[in-house]
Every structure is written in C-alpha cells, then in structure tokens.
Amino acid sequence: MIPDWKIVQDYLEILEFPELKGIIFMQTACQAVQHQRGRRQYNKLRNLLKDARHDCVLFANEFQQSCYLPRERGESMEKWQSRSIYSAAVWYYHHCQDRMPIVMVTEDEETIQQYGSDTEGVFVVSFKDYLDNFWPDLKAAHELCESILQSRRERENESQESHGKEYAEHLPLEVLEAGIKSGRYIQGILNVNKHRAQTEAFVRLQGASSKDSDLISDILIHGMKARNRSIHGDVVVVELLPKNEWKGRTTALGESDSDDKASGEAPSEPMPTGRVVGILQKNWRDYVVTFPSREEVQSQGKNAQKILVTPWDYRIPKIRISTQQAEALQDFRVVVRIDSWESTSVYPNGHFVRVLGRIGDLEGEIATILVENSISVAPFSEAQMCEMPVNTPENPWKVSSEEERERKDLRRTHLVFSIDPRGCEDVDDALSVRALDNGSLELGVHIADVTHFVAPHSYIDIEARMRATTYYLADRRYDMLPSILSADVCSLLGGVDRYAVSVMWELDKTSYEIKKVWYGRTIIRSAYKLFYEAAQELLDGNIHVVDDIPEFRDLDEKSRQAKLDELVWAIGKLTDIARHVRAKRDRCGALELEGVEVRVQLDEKKNIHDLIPKQPLEVHETVAECMILANHWVARKIWESFPHQALLRRHPPPHQEFFSELRECAKAKGFFIDTRSNKTLADSLDNAKDPNDPIVNKLLRSMATQAMSNALYFSTGSCAEEEFHHYGLALDKYTHFTSPIRRYSDIIVHRLLMAAISKDKKMESKENLFSNKDLEELCRHINNRNRAAQRSQKQSTELFQCMYFRDKDPETEERCVSDGVIYSIRTNGVLVFIPRFGIKGAAYLKNKDGLVISCGPDSHCEWKPGSLQRFQDRITSTTTGGESVTFRLFDHVTVRISVQASRCHSDTIRLEIISNEPYVMPDTELCQQGSLLLKSDLVKEVTRSVEEAQLAQEVTVDVIEEDCQKYCQTKGRSLYTLLEEIRDLALLDVSNSYGI
C-alpha cells in the first residue's frame, strides 16, 4: 500500500495501527506533511518509519531518475504531488517484476478516475474502500475513518457557507469598542510564543481591560484560526471561550529559537483561552525574510510569481509576495513589508523592499538584527551636522562671554576631575569635593551640558529623539549624537573648558548628612582625567602611580607634592561619602544583583582590546554612588516643580511567583531566600554563598535578575506617587540625568531641571516642556527603543558566538568542550551555563528518537533506550538495562558546544552533555588566559576571519571601517558606558575568574 500525500496528512493515526504493516511512504508525501502540517505531525511520521514493528519503508522517489517528474507549467502543487506518487507506484510495481500488486490510496476523486484503470496491477482507491476491502474486521480503524470523514464534511460545509473564507471576519470597530466597555471583549497585545509559533500566543491585557478584568493571567490563543490574522505585537480584541474549552500552555526546555522544542513540552493547568475577534492596531513593519531554495522555486515553475517567503522572526507567519527574482535572491536576506491579509487567504500578502546581504555574512546578519529591531543607522544629515559647533585647529571652540555671565564659574574654585576606564574619550561626568569655610563639605557631580548644543525641536534633537539611545552591538556602536558632541565639545576632557550642569550638596563634615543642595549650569575645567586603576592606587596610598598621570609630569617637586596631597584627599573623601550613601541605601534594601568586575584595555584606535576579569575596585562603587545620588536628587527636584509632567524611572516590585524557581534552587544548596522585600532579598543573596563554588552565588543573582520586572521611564502625571518607587535601588524617586550623551531621557531631564531652576527664580522658562500625555507617549517610545537596544545587543553577541563556533569541529576542537553548570531542571533536560564563554542554553537528556542519556563507568555519555524522572532539584535518567545517572542543580558537567545552522533564521548554539563530571582542562589550555575566552577575544577572532575571507576574494574595502565613516559612527564602545550600562540593566557579562 502506498498512501497519497493527503492520506498521510489526514489518516496518520490509522496508519499507526499495528495491523497495518509494510506501508511504502513516498518522499513527496512525507515532505507535504512536513511543510503543511508542522513538526509535531512530521515527527509522528518519522517515528512510524523508524518503528521496526511496522516494517514501513521510505522511498525517495524525487531522487530516483525514473520516478522524478518536474512540475508542469500551471499545474497545482496538489496535482503534481498526486501524479508524482502514482508515477513512483507504477515504477515500483515494474521494479518488482509485476509480481506484487500495488494499492495507491487517495481521497482525490479525479486521481481515482484518471489512474484507477491506467496500469494493470496498480490499483487506485479511496481510503474507505481500502479498509472495506482489505481490513473489514478492523472496526477501530473504520470508526476513526468515519470520524475523520465527518469532520472533513463539516469543514467543507463551513467553508461553503463562508464563501471560501479561511478566517472569520473581524467585527466592526464600534462593536469592538462597545464590547470592551461592557466587558464582553478584552483588549490586549498579542505575544506569540517563539518556541510554539504555530500553536501558541498570549494576549497581555492592556488599557481598561487590565484594570477592569478579573483575570490575573494572560489569555491563551491556541492555533492560527483563533489568532484570526493577527500578528505578533498587534493590539487585538479577544473573546473568551467557555471554561470547558480552556487549554493549558506548553513550556519549552530551551531558551534558544531551536526547532527541537516539541520534545520539551510540559502541559500546564488550563488557563483563560480565547479567540481574536478584531484588531485595533496592526504592528506591521519591515520583516527580514528568506526566499525558498532553488529546488523549491523550480518546483513552482519558471514563471511563478507568487512566492511564500519565511521571516527571520519565528513569530511571524510566512508572507506571500509577487516577484520574478525568487531564484536570484535565494541566498540573500531580504526585507519585505506586509500589505494586507484577507480572510480568504492563509497567508498575508506583502511586497519586496530591498536586499540586506548574503545569508551568513557578518554585515548581512548585522543588518538583519538592525532591521528586525527597527534600528535606524542612517548617516547624520547635512542639515543636522550644520547645527553642530565647530572645533578645529583653525577655529577652536571656546566659552562665550554671554555664557560666562550666565553660569557659575568653577574653574578657579573647584578641584574637578573625572574617573573613567583607561583611554575613555567620551567623558560625560566629573566629580569634585572641597571643604567650605563654614566647616562643611561640598560634593559636586558635573554632567556634560548637551542641551546647550541640542535645541528643542532642532534637526539633531528630532533625530536623537527618534534614536532614543546609543545602540551597542558586540563589535560596534551606533551613537545617538554626532561625535563632535559625544567625543569632543561635550566631553569633559582634562585641561579644557567645558559647559556642565552641576548638582552640588553641602554636607556635614562628619555625618555626611545633606544640609542643602544647589542645581545649575556651570563652567568647569577638569584638572585630572584619571583612570580607575590609578584612582584606586592613590586611594590605597601607592603614590608611584603618579608617573602614569600626565597632569603631574611637568610639575616641580614642591607643586607636584601639593597637588598630589590635594587629589589624594579628594579621592579619599569621595570614597568615604560614597560608603555612607551606599550604606544608607543598603539599609533600605538596595540590591546588588550581578556585579560586573572587568578591566578594559583599549588599542591605539581607542577600541576595546580586552576585558580582563578581576576583583572590582572600590572607586567603581564610588563613582556609581555619586551618579545614583545625583539622579535621585534631580528626580526629586523636577517632580517637586512639575508633579504631573516630570520624567522619572520606576522599577516595580516583582511578582512573588516569579521567585519560585530561585527559592527552590537555593533550597537545593541549603540556602533560604526571603523574597518578601528588596531588603530581605538582598540580605538572603549576600548569605547564599558556597565557599567551594563561588559561581553558585552568581547564578542565584542571575536568577533573581530574571525574576525582576523591567525598569521603565514614565510621566509622573500617569500614575500615583506610591508607584514611583525604584525597587532595585531602594529609592522613592529616581531618574536618569548623568548620561545625556547616550540617552535621550537624560536630555529631557536636563530640560526639566533647567525649567525648574527658572521657575524657582520666577523667570520665564526657555524650555518647551512636554504635556503629561505627550511625555507619556515619549516614554513609551524610549522604553521600546531601550528594549530594542537590549535585544540587538543580545542577538549580536549570539551571532558572534555562533560565527566563532560555526567553523570549528566539535569532535576535535578543544575549545568546543567546556565546563558547564546546571542551573535549572526541565521535563526532558537541563539548562546549563558555561562560564568560559558566558553561554546559557538547553542540554537535552532525551533526544528526538526517544533515547535517554546514559553515563558509563568512565563518566562519558551515550544515548540508550530508557526514561527520565524529574524532581524539583534533580532529574534521573534510567536505561532499559537498569543503568541510571542523576543530574542535580549546580552540578558541574562537561559540555560539547556546536552550532545548529538555520538558513531562514539565526543560527543557535547547541549544547550536549558528554560527561557527568566537571571538565578538566588540558595543560595547553591552562597556559592561555586561564582558559577564559573573553567576549572581546571572540569578537576579534570572528572579525579577523571575516576580513581574511574578504581579502581572499580580493575585496579591498574594509567593510566595517567603511560603515564607520559612512554612518559617522564609532566602532567600539564607551568604557564607562559599558560598566554603567551593564550595572543599570543587570546584564550578564564576563566577571571574575568564572567569566560571568
């Protein structure tokens, strides 16, 4: 028996009956299942073919010279598939020397009529007739067949009644709005599960629905029909299904976009389930897609114009476009845009926009990441650059006499200095501390006055607002502002006059309690441009470091000693003040989730050369505490002046249920994590330290970070004051003021502060402030751009990781084997962290063939038949032979790293446990940086490989340098920015000898 493609799709459950043996499955039918019914159905078919008890055969008819039939012009895919299967059946009959009758089973009446009596010995019949004639006593099969036929007839009737519509029509807008008001319908944003994109999406409640609804969870949208043409990110209107139709969600093992998620499912309790009845706002944008392969294009005919392209983003459905260039574009990443999605169409319609680059090429993949995150990196325009100040040797920039009259001049009264990573050029903050005549102390934080050069609603202001932030990728950055500002006239470099916005506090000389505070515009001249290590050496009393500080080199011994004493006193006093400020926040519950402890080295071009793990310096904390203090006091000031239109930053407390995995993991190590408040959480994390394995505390802090809500910008007029609190920093009010060079939020805050100062002086404000409504809209935009910046940074890091491992043989390359730490237990595997590379991923303990992992006496692993048993803190694999191995939380295992390639999507890292023992490094590796591959090393090696490949092809243009010049962007990243950014976002990066 040879089933047609439609039989395989619709009657696979019957074909799995043990009585039906020796079925011949054609390649054409199997591929139809794979492409049209998804991976779950295809995996069932594969398992049937692998099961020796069924004795089934797969025949690759499309690769057999006598069986392959090209698709004829104008021939439908279905007709071609049936013709190919029948042709193969005839060949198979003759191949058996006409001795074995062949029964081809199909549901297509035209195929039965056309081929039924065409070849003697080859019978073409319906599946029902096949069962009636050959298996009359197989009642279960007959009943199931009748049920399938009945279901099909009902679908056909529904289709005729809806005039061939694939989806229900959306309800009119006025009906949707009335339904939302009455509570019948619910409004929210559709979020497609990237691991289960074809079947699972969730609607996150929005607007009035989130306040008025009794629901405490998202709404599950199960299947494409229920999604009703809505796309990830659309604002949709949902109707809840009856409770007896609610379904449970499934959870995937991995954190990557792997296709292997089906084997990692674990159904949950039923949750609110609904269907989309309308779309209020479409989230259609540019999508990066991949065209079908050459074979798929050719199978559609040379003149085929309608092509289905596959989006890079798993959550987006295939898009149908019209083009005659499909074959020429199959090796490229291409941008398309969706135009419409009719109710009669399975797929949305779109059109070609542009080509990004070749699949797998570094620049093409970077361009893909930028487009997918809607990041614009166009060069700054001529109009924008014309607004910039001039600073050339022939026409140097200098302080104007008008500004000297308007600003407080600190150049002769204050010792101002900056502390940054070595080689940093974009210095946006400086510090000062001095004793006052009345016996008090004065602490000053001085921030680059960007708003002096960026006027509201100017060309450059509009561009900065659109970008909202500086975007950091693994090997480059795209600046929010032109470098003439960020690295020159706004940078608080040593020995030059600069405009600043300052916050200065008068402190009690012993208790450091704040007596009063002053805000205003100033003129400063930084006396020293210190790097962190030098400042720390001076703090520790090692004065020999002065030889590395340029400002001391040309001084006579007496002046040198006097200035050195003054600087050492200032650094020591700043550190004492910072300790006091930090201790005060600690008492309120401030969290230190993931410390970043790196030393950054630059090359001669001021790019990052290396990140060297080491213990953190206290001066890092000193600078950070001064910045947090300034942000806090500016937040208080602008809120007091503009209680309904100030831009602040809040960090909501996390939901307690999000901490459940953290608590259970800590419990496995004998620790108790108290999550009732930020104070108890901070204390618990400080106490959860394993002296034999420091990485345990790092992973627990990482898990705490994962449980946190995101910090968000907001307008104070949009929520109640009790919601202003910043959970992580333990402050009642907080904002961002200290980095206007790289964050547009800080530019808005500077303008608010200037308006508040004018209001205090009863002067007319020069600043055009946003209304609460406009400011809230701007905050949503900035929050969205910040999320895009985080995603693009993460995706570019993963890209470099994959490019690094892509060309390495995991079986022979030493660097493809590393030590991993288990940090989460799932149904059929574990999640593993690899400190050496900073990689997190899934390691399966049960493969797609149903085999489980087994470890022999030498601790090396192999796949064998068996089963898994999951517990809260461990998972046990037991083979049919009785061998068992248990993997526990925080166990160290040996992991092999490889790359799972994907033509249409991004490549992903694949992890495989090869030993249940910790990895022991070869002696050769111990000599190489303690075996730690830093992220910068990885980026440099990949970039070097790309450049070598370009030279081999006689490409003489340095692509990366060309982009830097073309877009007026900076390659590499600001070093203080690097540290501050990771601290603010609590991102996992390299730190200490474990490489987190």
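What counts, and where the lines are drawn
- Residues numbered from 1 in each chain as written.
- Predicted model: local features only at pLDDT ≥ 70, side-chain atom pairs only at ≥ 80, totals over all residues.
- Heavy atoms only, no water.
- Helix = DSSP H or I, 4+ residues; strand = E, 2+ residues; numbered from the N terminus.
- Contact = heavy atoms within 4.5 Å.
- Areas by Shrake-Rupley, 256 points an atom, 1.4 Å probe, with all protein chains shown as cover.
- Polar contact = N/O pair within 3.5 Å; in protein donor to acceptor, adjacent residues only side chain to side chain.
- Pairing = 2+ DSSP bridges.
- Axes fitted to C-alpha atoms, helices over the stretch in contact; angles between N-to-C directions.
- Expected span 1.5 Å × (residues − 1).
- Buried < 20%, exposed > 50% of the residue type's maximum accessible area, 1.4 Å probe, protein only.
- Core = buried A, V, L, I, M, F, W, Y, C linked by side-chain atoms within 4.5 Å.
- pLDDT = per-residue confidence, 0-100.
- Phe/Tyr/Trp six-rings, centres within 6.5 Å; stacked < 30°, edge-to-face > 60°.
- Salt bridge = Lys/Arg side-chain N within 4 Å of Asp/Glu carboxyl O.

1. What about the overall build of the protein chain?
Moving on, step 1. Counting its secondary structure elements, the protein chain contains 28 helices and 39 strands.
Moving on, step 2. For the protein chain, the share of sequence-separated contacts (at least 6 apart) that also reach a separation of at least 24 residues comes to 68%.
Moving on, step 3. Summing over all exposed atoms, the protein chain offers an accessible surface of approximately 46000 Å²; the carbon and sulfur share of this is 48%.

2. Considerations on the side chain of Arg701
Moving on, step 1. In this structure, Arg701 sits in helix H22 (residues 695–707).
Moving on, step 2. At a separation of 2.8 Å, a polar atom in the side chain of Arg701 contacts the side chain of Asp686.

3. Considerations on the sheet that holds strand S13 (residues 286–290)
Moving on, step 1. A barrel is described by the order of its strands in space; here five strands give the closed sequence S13-S14-S15-S17-S16, paired in mixed fashion. Ignoring strand direction, the axes of neighbouring strands in this sheet form an average angle of 55 degrees.
Moving on, step 2. By the bridge criterion, five bridges tie S13 to strand S16 (residues 332–340) in an arrangement that is antiparallel. Paired with Tyr287 across the bridge in S16 is Val336.

4. Details of the sheet that holds strand S34 (residues 851–855)
Moving on, step 1. The four strands lie next to each other as S34-S35-S36-S37, forming an open sheet whose pairing is antiparallel. Only two strands of the sheet have a single partner each, and these edge strands are S34 and strand S37 (884–888). Pairs of neighbouring strands in the sheet enclose a mean axial angle of 45 degrees, with direction left out of account.
Moving on, step 2. Summarising the sheet, S34 and strand S35 (residues 861–870) pair through five bridges and their orientation is antiparallel. Paired with Cys855 across the bridge in S35 is Cys861.

5. A word on H22
Moving on, step 1. With 13 residues, H22 should cover 18 Å at 1.5 Å per step; its first-to-last C-alpha distance of 19 Å lies within 8% of that length.
Moving on, step 2. Counting buried residues in H22 gives 12 out of 13 residues, a clear majority hidden from the surface.
Moving on, step 3. In this structure, the buried residues of H22 make contact with helix H20 (660–668), helix H21 (678–687), strand S31 (817–826), strand S32 (829–834), strand S33 (839–844) and strand S38 (892–900).

6. A few points about the nonpolar core
Moving on, step 1. One finds Phe417, Leu485, Trp505, Leu530, Phe737 and Leu753 to be the most contacted residues of the largest nonpolar core, which totals 98 residues.
Moving on, step 2. Membership of the second largest hydrophobic core comes to 50 residues, among which are Met703, Phe837, Leu889 and Val893.

7. Details of the confidence of the model for the protein chain
One rule of thumb: low pLDDT means the predicted coordinates there are not for detailed reading.
Moving on, step 1. Taken as a whole, the protein chain shows an average pLDDT of 82; of its residues, 83% reach a score of 70 or greater.
Moving on, step 2. Across residues 595–602, where pLDDT falls below 50, the model places 42 contacts with residues more than four positions away in sequence or in other chains.
Moving on, step 3. This model gives residues 954–996 a pLDDT under 50, and the stretch forms 135 contacts once residues within four places in sequence are excluded.

8. Overview of unusual backbone geometry
Moving on, step 1. In the Ramachandran plot, Ala468 falls in the positive-phi region, its phi being about 75 degrees despite a non-glycine side chain.
Moving on, step 2. By the element assignment, Ala468 lies in the loop between helix H15 (459–467) and strand S22 (471–472).
Moving on, step 3. Using a relative accessible area of 1% as the deciding quantity, one classes Ala468 as buried.

9. Section: the packing of aromatic side chains
Moving on, step 1. A full pass over the atoms with the stated rule returns 16 aromatic pairs.
Moving on, step 2. Taking 6.1 Å as the distance between ring centres and 25 degrees as the angle between the ring planes, the aromatic pair formed by Phe453 and Tyr499 counts as stacked. Remark: Tyr499 occurs in strand S24 (residues 497–507) and Phe453 occurs in the loop between strand S21 (441–448) and H15; sequence separation between them is 46 residues. Pair check on accessibility: Phe453 and Tyr499 agree, each one buried.
Moving on, step 3. Relative to Phe724, the ring of Phe714 lies with its centre 5.1 Å away and its plane at 50 degrees, an arrangement referred to as tilted.

10. A closer look at the pattern of salt bridges
Moving on, step 1. Scanning the entire structure with this criterion turns up 48 salt bridges.
Moving on, step 2. A salt bridge links Lys79 to Glu110; the shortest N-O distance between them is 2.8 Å. Of this pair, Lys79 sits in helix H4 (residues 77–95) while Glu110 sits in helix H5 (residues 109–115), and the two are 31 residues apart along the sequence.
Moving on, step 3. We note a salt bridge from Arg411 to Asp497, for which the minimum N-O separation is 2.8 Å. Linking Arg411 in the loop between strand S18 (408–409) and strand S19 (416–420) with Asp497 in strand S24, this pair joins segments that are 86 residues apart in sequence.
Moving on, step 4. Residues joined by salt bridges that share partners form a network here, namely Glu404, Asp409, Arg411, Asp497 and Arg525.

11. Considerations on H21
Moving on, step 1. Within the span of H21, buried status applies to Asn678, Thr680, Leu681, Ala682, Ser684 and Leu685.
Moving on, step 2. The secondary structure elements touched by the buried residues of H21 are helix H18 (557–588), H20 and H22.

12. What about the pairing of strand S17 (residues 349–358)?
Walk down a regular strand and you will see the side chains alternate between the two sheet faces.
Moving on, step 1. Here strand S15 (residues 319–322) runs beside S17; their pairing, made up of two bridges, is parallel. Within S17, the residue paired with Ile321 across the bridge is Gly350.
Moving on, step 2. With eight bridges joining them, S16 and S17 adopt antiparallel strand pairing. Bridging across to S17, Ile338 finds its partner in Gly350.

13. Brief notes about the pairing of strand S14 (residues 306–311)
Moving on, step 1. Bridge analysis of S13 against S14 gives two bridges, and the strand direction is antiparallel. Along S14, the bridge assignment pairs Val289 with Pro311.
Moving on, step 2. Here S14 runs beside S15; their pairing, made up of four bridges, is antiparallel. Each residue of the ladder has a partner; that of Val309, found in S15, is Ile319.

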